[in-house]
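Summary of the model geometry
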Amino acid sequence: MPRRFLLALALPLALTACSRPSPLLAPSPAGLDAPAPDSFVVRFETSKGDIDLMLHRDWAPRGVDRVYWLVRNGYYDGARFFRAVPNFVVQFGLAADPSVTAAFRTRRIADDSVTRSNVRGTLAFAAAGRDSRTTQLFINLRDNQRLDRLGFAVVGQVVAGMAVVDSLYTGYGEGAPRGKGPTQERITSEGEAYLARDFPMLDQIRRARIVRIARR
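A brief report on the enclosed structure follows. Remember, predicted model here, so these are calculated numbers, not experimental data. (Residues numbered from 1 in each chain as written. Predicted model: local features only at pLDDT ≥ 70, side-chain atom pairs only at ≥ 80, totals over all residues. Heavy atoms only, no water.)

**So, the packing of aromatic side chains**
Test applied: Only Phe, Tyr and Trp rings are paired, with Trp represented by its six-membered ring, and only when their centres lie within 6.5 Å; those with planes under 30 degrees apart are stacked, over 60 edge-to-face, the remainder tilted. Runs of H or I in DSSP of at least four residues are treated as helices and runs of E of at least two as strands, each being numbered from the N terminus. In this scheme, a residue with accessible area under 20% of its type's maximum is buried, one over 50% is exposed, and one in between is partly exposed, where area comes from a 1.4 Å probe on protein chains only.
Considering all chains together, one arrives at 12 aromatic pairs under this definition. Arranged with centres 5.9 Å apart and planes meeting at 55°, the rings of W69 and F104 form a pair that is tilted. Of this pair, W69 sits in helix α3 (residues 61-72) while F104 sits in the loop between α4 (98-103) and β5 (122-125), and the two are 35 residues apart along the sequence. For F104, a relative accessible area of 1% puts it in the buried group.

This is the structure in structure tokens:
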């Protein structure tokens, strides 16, 4: 077969591959709702070291399904711990790329029942009312059982690296106007560019990945 014919055949295939939208920009509802394994370990490789969290689907199935999809598709890579409040929580989940954050603004998941308490080292979704969870998570820095009554369902817990969690930068505190930290509105619209410029001390998730599936 002539070489120029092979090149002509390859070009449309390459263009087709390049034109395929990223799953982060056009998430499939079927994919987002697909069941996760029964339990698995996520490793967050951060600017301070590794944090391993084990997630349990029977604790909060809808939330765990969402985290599994987000990690497998690289959603948290490059994201910062943008809300880091001493002796309370460290929160993350607004993407480094604002277009990715925008793609999930309406991808809400229904609430799970609270089956575990928000004690130190547990992981839960941030929310702004009923059935409002999307991508934001927080790790409890202390026992925060009052969050149980407010409906924050725990999805997992730190199994290695709690010292790393404790070392994450909390110097900015709450977001403005209550503290000196960044505003979620600006992170949503500007992403990493805003945080790197105005809040460079905030620690970052360099990569998140599934390192172990315990059961299926």
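**As for the nonpolar core**
To keep it simple, the criterion reads: Within this scheme, the nonpolar core is defined by two criteria: the residues are buried Ala, Val, Leu, Ile, Met, Phe, Trp, Tyr or Cys, and they are joined through side-chain atoms within 4.5 Å. Working rule for contacts: check all heavy atoms of both residues, and any pair within 4.5 Å makes them a contact.
Of all hydrophobic cores here, the largest spans 41 residues; its most connected members are F44, I51, L55, Y76, F92 and F104. Of the residues forming this core, the biggest block, 6 residues, is contributed by α3. Apart from residues lying up to four places away in sequence, F104 is in contact with L24, P27, L32, R66, W69, L70, Y75, T134 and T135.

**What about α3?**
An α-helix turns once per 3.6 residues; consequently, residues spaced three or four apart project the same way. In plain terms, the rule: One less than the residue count of a helix, multiplied by 1.5 Å, gives the span that helix is expected to have.
The end-to-end C-alpha distance of α3 is 17 Å, a good match for the 16 Å that 12 residues give at a rise of 1.5 Å each. For α3, the buried fraction is high: 9 of the 12 residues fall into the buried class. Downstream of α3 by a residue or two, G74 has a phi angle that is positive, lying close to 80°.

**Structural notes on unusual backbone geometry**
With an omega of 5°, the peptide bond between A176 and P177 qualifies as cis. As for its placement among the helices and strands, P177 is situated in the loop between α6 (162-167) and α7 (184-190). Notably, N87 is not glycine yet its phi reads approximately 60°, a positive angle. Its location among the elements puts N87 in the loop between β3 (83-85) and β4 (89-92). At D131, a position not held by glycine, the phi torsion is positive, near 50°. Assignment of secondary structure puts D131 in the loop between β5 and β6 (137-140). The partly exposed category is assigned to D131, whose relative accessible area is 30%.

**What about the pattern of salt bridges?**
Selection criterion: By definition, a salt bridge exists where a carboxyl oxygen of Asp or Glu is found within 4 Å of a side-chain nitrogen of Lys or Arg.
Taken as a whole, this structure holds 15 salt bridges when the rule is applied. Its salt-bridge partner being D166, residue R120 comes within 2.7 Å of it at the nearest N-O pair. Here the residue R120 occupies a position in the loop between α4 and β5, and D166 occupies one in helix α6, the gap between them amounting to 46 residues. R120 gets classed as partly exposed once you look at its relative accessible area, which sits at 38%. Residue D166 is classed as partly exposed on the basis of its relative accessible area of 41%. A salt bridge links D198 to R197, with the nearest nitrogen and oxygen atoms 3.2 Å apart.

**Quick word on the environment of W59**
Relative to the helices and strands, W59 resides in the loop between β2 (49-56) and α3. By relative accessible area, which is 9% here, W59 ends up buried. For the pair W59 and S113, spaced 54 residues apart in sequence, the C-alpha separation works out to 8.2 Å. Apart from residues lying up to four places away in sequence, W59 is in contact with S113, T115, R116, V154, V155, G156 and Q157.

**Re the pairing of strand β7 (residues 154-160)**
Inclusion rule: Strands were regarded as paired on the criterion that DSSP finds at least two bridges between them.
Bridge count between β2 and β7: 4 bridges; the pairing is antiparallel. By the bridge assignment for β7, L55 is matched with G156. In this structure, β5 lies alongside β7, joined through 3 bridges in antiparallel fashion. Among the inter-strand pairings, A124 is bridged to a residue of β7, identified as V154.

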